[in-house]
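Residue strings, one per chain:
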Protein chains: 4
Amino acid sequence: MTDTIIDPSVVEADNARRVDDLHADYDSLGERLDRRGISIDAIKAKVAGFNIAVPSWGVGTGGTRFARFPGLGEPRDIFDKIEDCAVISQLTQATKTVSLHIPWDKADPNRLKQAASRFGLGFDAMNSNTFSDAKGQLQSYKFGSLSSADAATRQQAIEHNLECIEIGKTIGSKALTVWIGDGSNFPGQVNFARQFEHYLNSMKAVYAALPDDWRIYTEHKMYEPAFYSTVVQDWGTNYIIAKELGDKAMCLVDLGHHAPNVNIEMIVSRLAQFGKLGGFHFNDSKYGDDDLDAGAIDPYRLFLVFNELVDIEGRDADFHPAHMLDQSHNVTDPIESLMLSASDVQRAYAQALLVDRKELEAAQQGNDALAATQALRLAYRTDVEPILALARLENGGAIDPLATYRAAGYRARVAEIRPAVEGGSGGIV
Amino acid sequence: MTDTIIDPSVVEADNARRVDDLHADYDSLGERLDRRGISIDAIKAKVAGFNIAVPSWGVGTGGTRFARFPGLGEPRDIFDKIEDCAVISQLTQATKTVSLHIPWDKADPNRLKQAASRFGLGFDAMNSNTFSDAKGQLQSYKFGSLSSADAATRQQAIEHNLECIEIGKTIGSKALTVWIGDGSNFPGQVNFARQFEHYLNSMKAVYAALPDDWRIYTEHKMYEPAFYSTVVQDWGTNYIIAKELGDKAMCLVDLGHHAPNVNIEMIVSRLAQFGKLGGFHFNDSKYGDDDLDAGAIDPYRLFLVFNELVDIEGRDADFHPAHMLDQSHNVTDPIESLMLSASDVQRAYAQALLVDRKELEAAQQGNDALAATQALRLAYRTDVEPILALARLENGGAIDPLATYRAAGYRARVAEIRPAVEGGSGGIV
Amino acid sequence: MTDTIIDPSVVEADNARRVDDLHADYDSLGERLDRRGISIDAIKAKVAGFNIAVPSWGVGTGGTRFARFPGLGEPRDIFDKIEDCAVISQLTQATKTVSLHIPWDKADPNRLKQAASRFGLGFDAMNSNTFSDAKGQLQSYKFGSLSSADAATRQQAIEHNLECIEIGKTIGSKALTVWIGDGSNFPGQVNFARQFEHYLNSMKAVYAALPDDWRIYTEHKMYEPAFYSTVVQDWGTNYIIAKELGDKAMCLVDLGHHAPNVNIEMIVSRLAQFGKLGGFHFNDSKYGDDDLDAGAIDPYRLFLVFNELVDIEGRDADFHPAHMLDQSHNVTDPIESLMLSASDVQRAYAQALLVDRKELEAAQQGNDALAATQALRLAYRTDVEPILALARLENGGAIDPLATYRAAGYRARVAEIRPAVEGGSGGIV
Amino acid sequence: MTDTIIDPSVVEADNARRVDDLHADYDSLGERLDRRGISIDAIKAKVAGFNIAVPSWGVGTGGTRFARFPGLGEPRDIFDKIEDCAVISQLTQATKTVSLHIPWDKADPNRLKQAASRFGLGFDAMNSNTFSDAKGQLQSYKFGSLSSADAATRQQAIEHNLECIEIGKTIGSKALTVWIGDGSNFPGQVNFARQFEHYLNSMKAVYAALPDDWRIYTEHKMYEPAFYSTVVQDWGTNYIIAKELGDKAMCLVDLGHHAPNVNIEMIVSRLAQFGKLGGFHFNDSKYGDDDLDAGAIDPYRLFLVFNELVDIEGRDADFHPAHMLDQSHNVTDPIESLMLSASDVQRAYAQALLVDRKELEAAQQGNDALAATQALRLAYRTDVEPILALARLENGGAIDPLATYRAAGYRARVAEIRPAVEGGSGGIV
């Protein structure tokens, strides 16, 4: 049996106050969808089966290069983080896996497995870190890691990734995610072609050690921490990497890693069409890699991404992208943000499932641009909260995760146990 | 013998007034370069061998969707345009080829050949046009051409491209450039994957008819005339196209067709590294596809592009990218803009040739970012105008093409022959 | 009594098929809102009183600098345009005013008044045009109009604006909107300070002729048709203009005229806070001034703008911004786009009215960022279509304007009367 | 007499090896300028009188939110920093002042004064810090400082600024620079109008305490550390602030704080035209607030800014903007970057002084866009390094500051004294 962190009676009490309205809303929505030829229960079943991973580092308060302002009850280590993840999973029933970051989360793999399984949690992709120097590390990543001009530094970075795979094998992960900050800050600092050659050779060495049933995910990003060029700067480069490495290599799309104005849903389509869409790091952004909560800034864009995903599902039954939240929670309780973000990702999925794809295709074929876009808008306008809430309830979660979480007083409780953390300047000085 | 449009005595008179200063400046620059271990004559020889194509449509005054304000002496047809191109070539000695746009430049191919050869001009890549409807055309391109949902429309667009190849064969062109405006204005208007599949199939039909010694160039563009999605939206898609089509297919880079902030020189490097850099449409831009004069807004960016090209030349002796100017001259005399732009492209090339590549590589290998970027800056800061001017003079051109052109009174002269054109609203209403 | 263009029996027939479902949906939404302490009828009343102007030029098919692809039944003149506007008004009951563009819509003012009043339409702001040359115009606006370096050109532009005021007085308009394309395409082409001084002096001359009960609206735009600098480039310059001119001068905000990533709703707030928010040109955009249908790309942004407007309404009872649609319909039937856009603007307004402002303010005061943003999201997620539809129905319009319009066969009918228009290249060549 | 940190004999030795070539280059440039009617000595005199402040925090290695990779010999405190600044000043003779950041640089003011004056250094503007929490601080700035919803937090931020003024008075500063990170990360988190009202009221309290011969500089920034809205987000808001506060309030322009594509030189012109241009924080950027070395990415933009400044100088003899470098040196030796950046700012100034303003104005008045932009390009293309170098030499500095600095072995020397600093993650975790 799975342990729970939030007292089930608190969950039940809050649910009880809401369940009647929920059923009324669900039924009335069901009738409206029925008119459109859609079975609400079928949608609910799909939503109920949806999972999105939570990153271990996401449950701590994030910061900027200017400052970090920690909150109360910051997790002290990976075991505290797993407990925070368990809260999110318990209330939302949508986040059954945790993604680790090495070396931040380094610990005895067996203890990790035990700690997670106690709460019914599994492990998603392993994340390596060669964008900052760990204590005692021999070579510095100041001027690059997998693509460094220095062979010893590249070798160290390769070995770190191999270690991540080893840890992952023990705890049951099936994927390695590689995101690096390598690039340059000045025109001329690096030779683009040579740097990318180094990168590809290093990645081939990592790929060679990848178990057959694993995937390796590479993630592109336009800029930051490198401010003139980045070695994996866009989906074009990311696609070439996945092609060069082989069938187990796939591309990750982070919604905040693109140039201004870029049509992200189109990148999603292209990668899928050519067999290289591995999955997502969900978050939202207005300017750069702002790492805001998924759907907080442009919820329609999130819907349009899921519109592609549902379209791909329809053509390829074997399509199973890896979904993870990847956000920096600077001004909210990270648990609250992650619960609502998981829900907002589900919302986009549910709305995309409502699109009448026959009608859409007919409008597309007939060049009826207005009818086509209205088919999307009609689905998007639908308030699917009753579907999400009932799916949560039936899976054992909370109708209103935020209200239940606040009622449970979890943050105050851990703040008594976990020592206060001091804030201060970020990386800038 | 080659005909000249500008009276040679005018050229000689202006040159005579400048030649002494030019020699003095060239010698003094030569001494400074000599200190850096560079032979100025070797640089001059490379500059003298540099050619960039002029697009036939570039010699007319451009416009925006809001308005077009024609200038004096607008060319009436392709034969007037060829004369204007001949002026540019005569004075700059850098633009020996003209690139045609069909159907705008449709005429008896033999007359075209004769008209051009009279001035020593050849023909560069053929450009097809399926982004606007020609008079009497059966199917409209309103909703797309090569990627249209409609098979008859796609077929018509394919045949138009085949016709361009046929014309090109007759006049001695060796390449077809395909840029289309296909895309969509609304989320849902098109299915991205299906539209791209249509595009690839159409392009395969065109490719099949391409002579063995030809190249086909595809050009990506982020947006405009389509404002939500564009089928060939970025270099990632462009690269996939070139891979799908085959060895004769290469990617064109237009400097104004990218998302804001994108590192264009890095795209140049990536395409070259994977064998798919076909060439350039040069211009400059501050906001979108502004089509301003090359080097007018960010001359250092132009230099950084050429820094890549010289680097590639050093690794691949068979590297021969196709260079063309592609600008819209809305407020200047197009001939003046094209002459100075050709010169500014040469300038960037000359400056890139001055980079001490051994020093640069040593700085890169040693992570000396400052020394590396200074190696570029030192080359870029060098005023290479004496090199460009002497190369022009020795090739039979003008030391100062702008001054000579103005002295010759060409624009006033053609304004007497060619009828005034009325301006008015652009496409918007 | 007001004439109608669409046969009322067609409207009634379509409404009859939908009215029962509408009432059911309205009631069920009313119950849900009631739980949140909101009276659905009060919201409906506000929506019913909402008006947005339709621009006369919006009912024609737009184009880009590359091409224009006209549709069927393009309006031949302002009288056809008024009929098209009457259709939009009849079915949506949200667009009671038309905004004219001079000289495009020049006609006998009395005939204009009569034509509009027949359909119960009034006239919104007058729009002057000094961004393209009209036939027979003495001075060209190629190098600027109100800010031209040439005094005679500035004078001509001033007089054109005075003429617009005169026409407006006769037909009952109460405002002049001035948008110009003046700027430059090259660094150095203009002296920024001198150009702006010319602009201000010209505008002061126009302002001096403005009747006391009129407003003058100035509109900023980052770029296009000028591609290096634009004289009224952003809200900062726009604000200075309005301050320099006087109390009758106010700033217009067009949603597509900003730099990438800019927070538009914040500009709305700043202009209102300092008394200079005049109103809006609504549309949507992904890249530049794409002029897509309002809410088509980022509906949440449109909501956030209305969230500000409702907030301002709450503080200032005298706040009456001027709303107009300003879109370019390149691939849709303009009437369809305008009907749905009017509806989408109303939708954003209705959703913004649902925000619990007490709860929002409490969350803001308590730094509860999550609760604050959820207060907005809850309102935004609400599907308010039943409110909009019932407001339309009760005002005499159509429950589903698009379905009714298509059922009425209006476009086919006018296509028989109005001659086909040929497409072709846009301004570019 | 002024102390020097770098042994003068090292400077002299390097200068001696270069001085003959320098004189030859200066003379040959002088001849070329003479042909254009320009006195090279007059330009040199202006360059020699140019000063730019160095920020105390700039001499330490910067970082990002992902990591910080310290270099050797990082300054331990403000006294080490002053020594590093003295090196820069000694070799470049262009950076006579240091700008302090409180509380980072807090120390006995008399000791500060003594330490600086020993090297002939003065103090530029004081910088307050309310964007991170200092140790022991009562109220947190997590949710804002001068614009916080909480009155006690605002009061604390005001008092911190007053303290900065007090310190500044003692050490001879004449200005306070206020940059804050206040804003929000979520739509709805703050009420824009109320937050700005709080900000203005707080600033008025600070302004009230400003000595009569001081200035207060406010600096806008589009985003970061706030990722949805920033209270002083652009020059429009910045201008309003300066107007609301009074004559001693002026706007600072940081070159990296703008939206993508924005025309910064035009903002410079507007602020100057309306009397509110206070000065600059120089750096360069490609994506966001990248804080790269001035002129490293787009040197022509830096020139265009100085083109405006020289234009303003010509109209207003009392124009004395405050210049400071504000860069983050993540991969270079900060002293090297600051020396070269100071030089690159001088370079832009020298090039702008070369513009033939009569010719430029004539071209502008005659709408000769090409000639106008060529007037700028001619000046920009001139390699003015000999002017800068001779000005340095004659002032007692180094002909080649970088070579001299490296020859002097300063970094290795301080690395022996100053303890190594450990790197690690930035603010993100």
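It should be emphasised that the depicted structure is a prediction, and the values quoted were computed from it without experimental measurement.

Trainee: I would appreciate a short explanation of the relation of the copies chain D and chain C in the present structure.
Mentor: To go from the first copy of the chain to the second, apply a rotation about an axis and then a shift along the same axis. Mapping chain D onto chain C calls for a screw motion: a turn of 180 degrees about the axis and a shift of 0.0 Å along it, with 0.0 Å RMSD after fitting. Here the transformation between the copies is reduced to the relation of a two-fold axis. Taking C-alpha positions as the reference, the residue of chain D nearest the rotation axis is D:G236, at 1.9 Å. Most of the interface of chain D is mirrored in chain C, where 100% of its interface residues again form contacts.

Trainee: Even after reading the chapter, I still don't get the interface of chain D and chain A, so can you show me in this structure?
Mentor: In many analyses, interface size is given as the accessible surface area lost on bringing the parts together. Counting residues at the interface gives 57 residues for chain D and 57 residues for chain A. Of the roughly 4800 Å² buried between chain D and chain A on both sides combined, carbon and sulfur atoms contribute 64%. By the criterion of area lost to chain A, the three top residues of chain D are D:R65, D:F69 and D:Y287, representing 15% of everything that side buries. If you look at where chain D meets chain A, you find eight salt bridges. For A:K135, the salt bridge identified is with D:E422, shortest N-O distance 3.9 Å.

Trainee: Explain the packing of helix α8 (residues 264–273) of chain A against helix α6 (residues 192–208) of chain B here, please?
Mentor: Relative placement of two packed helices is described by the angle separating their axes and the distance separating the axes. Contact geometry of α8(A) with α6(B) gives a least axis separation of 9 Å together with a crossing angle of 60 degrees. By the angle between their axes, α8(A) is oblique relative to α6(B). The two elements α8(A) and α6(B) meet at a crossing, and its hand is right-handed. Contact with α8(A), carried on its side by A:E265, A:M266, A:S269, A:R270 and A:Q273, involves B:F192, B:A193, B:F196 and B:E197 of α6(B) and no other residues of that element. Counted by class, the contact of α8(A) with α6(B) contains four nonpolar, two polar and three charged residues.

Trainee: Which parts of the structure should I look at to understand the packing of aromatic side chains?
Mentor: Aromatic ring pairs are defined here through the distance separating the ring centres and the angle between the ring planes. Scanning the model with the defined rule gives 81 aromatic pairs over all chains in all. Centroid distance C:F274 to D:F196: 5.9 Å. Interplanar angle 65 degrees. Geometry classified as edge-to-face. Of this pair, C:F274 sits in the loop between α8 (264–273) and β9 (277–282) while D:F196 sits in helix α6 (residues 192–208), on two different chains. Just as C:F274 is buried, D:F196 falls in that class too. Where D:Y405 meets D:Y410, the ring centres are 6.1 Å apart and the plane angle is 50 degrees; that geometry is what we call tilted. Among the residues examined, D:Y405 registers a relative accessible area of 2% and is labelled buried. Overall, D:Y410 belongs to the buried group, its relative accessible area being 1%. Ring-pair connections join several aromatic residues into one group, and the members of that group are A:Y300, A:F303, A:Y380, C:Y300, C:F303 and C:Y380. In this arrangement the basic side chain of B:K248 is found over the ring face of B:Y207, its NZ or CZ atom lying 5.1 Å from the centre. Against the face of C:Y300 rests C:R377, its NZ or CZ located 5.8 Å from the ring centre.

Trainee: What is the right way to look at the side chain of A:D84 in this model?
Mentor: With respect to the helices and strands, A:D84 occurs in helix α3 (residues 78–92). If sequence neighbours within four positions are ignored, A:D84 has contacts with A:V59, A:P75, A:I335, A:Y410 and A:R418.

Trainee: Please clarify how the packing of helix α1 (residues 8–35) of chain D against helix α14 (residues 401–408) of chain D should be interpreted in this entry.
Mentor: All names here are of chain D. Close contact between α1 and α14 brings their axes to 9 Å; oriented N to C, the two are set at 135 degrees. Classified by the interaxial angle, the pair formed by α1 and α14 is oblique. The handedness of the crossing between α1 and α14 is right-handed. On the side of α1, the interface is formed by V10, V11, D14 and R18, while α14 contributes A403, T404, A407 and A408.

Trainee: Got a minute to help me understand the pairing of strand β10 (residues 322–325) of chain D in this structure?
Mentor: Working note: regular strand, side chains alternate between the two faces of the sheet. Residues and elements named next belong to chain D. Burial along β10 is two-sided: A322 and M324 facing one way and H323 and L325 facing the other are all buried. Relative to β10, strand β9 (residues 277–282) runs parallel, the two being bridged by four bridges. Residue pairing across strands places F280 opposite H323, the latter belonging to β10. Where the polypeptide runs from β9 across helix α9 (residues 299–315) and back to β10, its parallel neighbour, the crossover connection is right-handed.

Trainee: Mind showing me how you'd approach the sheet that holds strand β1 (residues 54–55) of chain B here?
Mentor: Two strands in a sheet stick together by hydrogen bonds in their backbones, pointing the same way (parallel) or opposite ways (antiparallel). Residue and element names in this part refer to chain B. Judged by pairing direction, the sheet is parallel, and its eight strands sit side by side in the order β1-β2-β3-β4-β6-β8-β9-β10 without closing on themselves. Of all the strands in the sheet, the pair left with one neighbour each is β1 and β10 (322–325). Strands in contact with helix α9 (residues 299–315) are β9 (277–282) and β10; relative to β9, the strand with the most contacts, it is inclined by about 155 degrees. Those strands touched by helix α10 (residues 334–353) are β1, β9 and β10, and its axis lies near 145 degrees from that of β10.

Trainee: Help me out: how do you make sense of the sheet that holds β9(D) in this one?
Mentor: All names here are of chain D. Sheet architecture is open: eight strands sit in the order β1-β2-β3-β4-β6-β8-β9-β10, paired in parallel fashion. Each edge of the sheet is formed by a strand with only one pairing partner; in this case those strands are β1 (54–55) and β10. Here strand β3 (residues 122–128) pairs with strand β4 (residues 175–178) via two bridges, running parallel. Note that in β4 the partner of N127 across the bridge is T177. Here helix α5 (residues 151–171) sits on the sheet in contact with β2 (97–102), β3 and β4, set at roughly 175 degrees to β3.

Trainee: In this structure, what is going on with the interface of chain D and chain C? I would like to understand it.
Mentor: Opposite the 52 residues of chain D that make contact, chain C presents 52 residues. Summed over both partners, the interface of chain D with chain C comes to about 4600 Å²; 59% of that surface belongs to carbon and sulfur atoms. Looking at the side of chain D facing chain C, the largest losses of area belong to D:F192, D:M266 and D:Q364, adding up to 13% of the total buried there. Our count for the chain D to chain C interface comes out at two salt bridges. For the pair chain D and chain C, the interface holds 20 residue pairs in polar contact (both at pLDDT 80 or more).

Trainee: Help me understand the relation of the copies chain D and chain A, please; the structure alone is not making it clear to me.
Mentor: When chain D is fitted onto chain A, the two copies agree to an RMSD of 0.0 Å after a turn of 180 degrees and an axial shift of 0.0 Å. Counting the interface residues of chain D, we find that 100% of their copies in chain A are interface residues as well, pointing to one common contact surface.

Trainee: Got a minute to help me understand the environment of B:T95 in this structure?
Mentor: All names here are of chain B. Checked against the element boundaries, T95 lands in the loop between α3 (78–92) and β2 (97–102). By relative accessible area, T95 is classed as buried at 1%. On a C-alpha basis, the gap between T95 and M324 in space is 9.0 Å, while along the polypeptide they are 229 residues apart. Among all residues touching T95, those that are not within four sequence positions of it are N51, I52, V54, C85, I88, S89, L121 and A342.

Trainee: What exactly am I supposed to notice about the side chain of D:E336 here?
Mentor: Secondary-structure assignment places D:E336 in helix α10 (residues 334–353). Judged by its relative accessible area of 7%, D:E336 is buried.

Trainee: Quick question: what am I supposed to make of the nonpolar core here?
Mentor: Across soluble globular proteins, you tend to see nonpolar side chains buried next to one another. Judged by nonpolar contacts, the single largest core of 519 residues is most densely connected at A:F282, B:F282, C:F282 and D:F282. With residues up to four places along the chain from it excluded, the contact list for A:F282 reads A:I52, A:L255, A:A294, A:L302, A:V305, A:F306, A:H323, A:M324, A:L325, A:D326, A:Q327 and A:V345.

Trainee: Is there a simple way to explain the confidence of the model for chain A in this structure?
Mentor: In low-pLDDT regions, the fine details of the predicted coordinates are not to be read closely. Considering every residue of chain A, the mean pLDDT works out to 97; 99% of them sit at 70 or more. Per the prediction output, this complex has pTM 0.98; the corresponding ipTM is 0.97.

Trainee: Explain the pattern of salt bridges here, please?
Mentor: Side-chain pairs of opposite charge can arise whenever the charged atoms involved come near each other. Taken as a whole, this structure holds 152 salt bridges over all chains when the rule is applied. A salt bridge links A:D298 to A:R301; the shortest N-O distance between them is 3.9 Å. A single burial state applies to A:D298 and to A:R301, both of which are buried. Close ionic contact of A:E361 with B:R194 constitutes a salt bridge, the shortest N to O distance being 3.9 Å. Of the two residues, A:E361 is situated in helix α11 (residues 357–365) and B:R194 in helix α6; the pairing between them involves two chains.

Trainee: How should helix α4 (residues 109–118) of chain C be read in this particular structure?
Mentor: Because an α-helix completes one turn every 3.6 residues, residues spaced three or four positions apart along the sequence face the same direction. Residues and elements named next belong to chain C. Turning to α4, its buried residues are L112, A115 and A116. Down the axis of α4, the smallest arc covering the buried residues is 95 degrees, so these residues share one side. What points out from α4, more than 90 degrees from its buried face, is the exposed set N110 and Q114. Of the surrounding secondary structure, the elements contacted by the buried residues of α4 are α3 (78–92), β2 (97–102), β3 (122–128) and α5 (151–171).

Trainee: Is there a simple way to think about helix α14 (residues 401–408) of chain A in this case?
Mentor: Listing the buried residues of α14(A) in full gives A:P401, A:L402, A:T404, A:Y405 and A:A408. End-on, the buried residues of α14(A) take up no more than an arc of 165 degrees, which puts them together on one face. If you follow the buried residues of α14(A), they end up packed against α1 (8–35), α3, α10 (334–353), α13 (385–394) and α15 (410–417) of chain A together with α12 (369–381) of chain C. Positive phi shows up at A:G409, right after α14(A), with a value of about 65 degrees.

Calculation rules
Residues numbered from 1 in each chain as written. Chains lettered and ligands numbered in written order. Predicted model: local features only at pLDDT ≥ 70, side-chain atom pairs only at ≥ 80, totals over all residues. Heavy atoms only, no water. Least-squares fit on C-alpha atoms with pLDDT ≥ 70 in both. Contact = heavy atoms within 4.5 Å. Buried area = accessible area lost by both parts, 1.4 Å probe. Salt bridge = Lys/Arg side-chain N within 4 Å of Asp/Glu carboxyl O. Axes fitted to C-alpha atoms, helices over the stretch in contact; angles between N-to-C directions. Helix = DSSP H or I, 4+ residues; strand = E, 2+ residues; numbered from the N terminus. Parallel < 35°, antiparallel > 145°, perpendicular 65-115°, else oblique. Left-handed = near helix turned anticlockwise from the far one by under 90°. Nonpolar A, V, L, I, M, F, W, Y, C, P; charged D, E, K, R; others polar. Phe/Tyr/Trp six-rings, centres within 6.5 Å; stacked < 30°, edge-to-face > 60°. Buried < 20%, exposed > 50% of the residue type's maximum accessible area, 1.4 Å probe, protein only. Lys NZ or Arg CZ within 6 Å of the ring centre and 35° of its normal. Pairing = 2+ DSSP bridges. Right-handed = clockwise from strand over helix to strand, strands pointing away. Polar contact = N/O pair within 3.5 Å; in protein donor to acceptor, adjacent residues only side chain to side chain. Core = buried A, V, L, I, M, F, W, Y, C linked by side-chain atoms within 4.5 Å. pLDDT = per-residue confidence, 0-100. Arc of directions from axis to C-beta.

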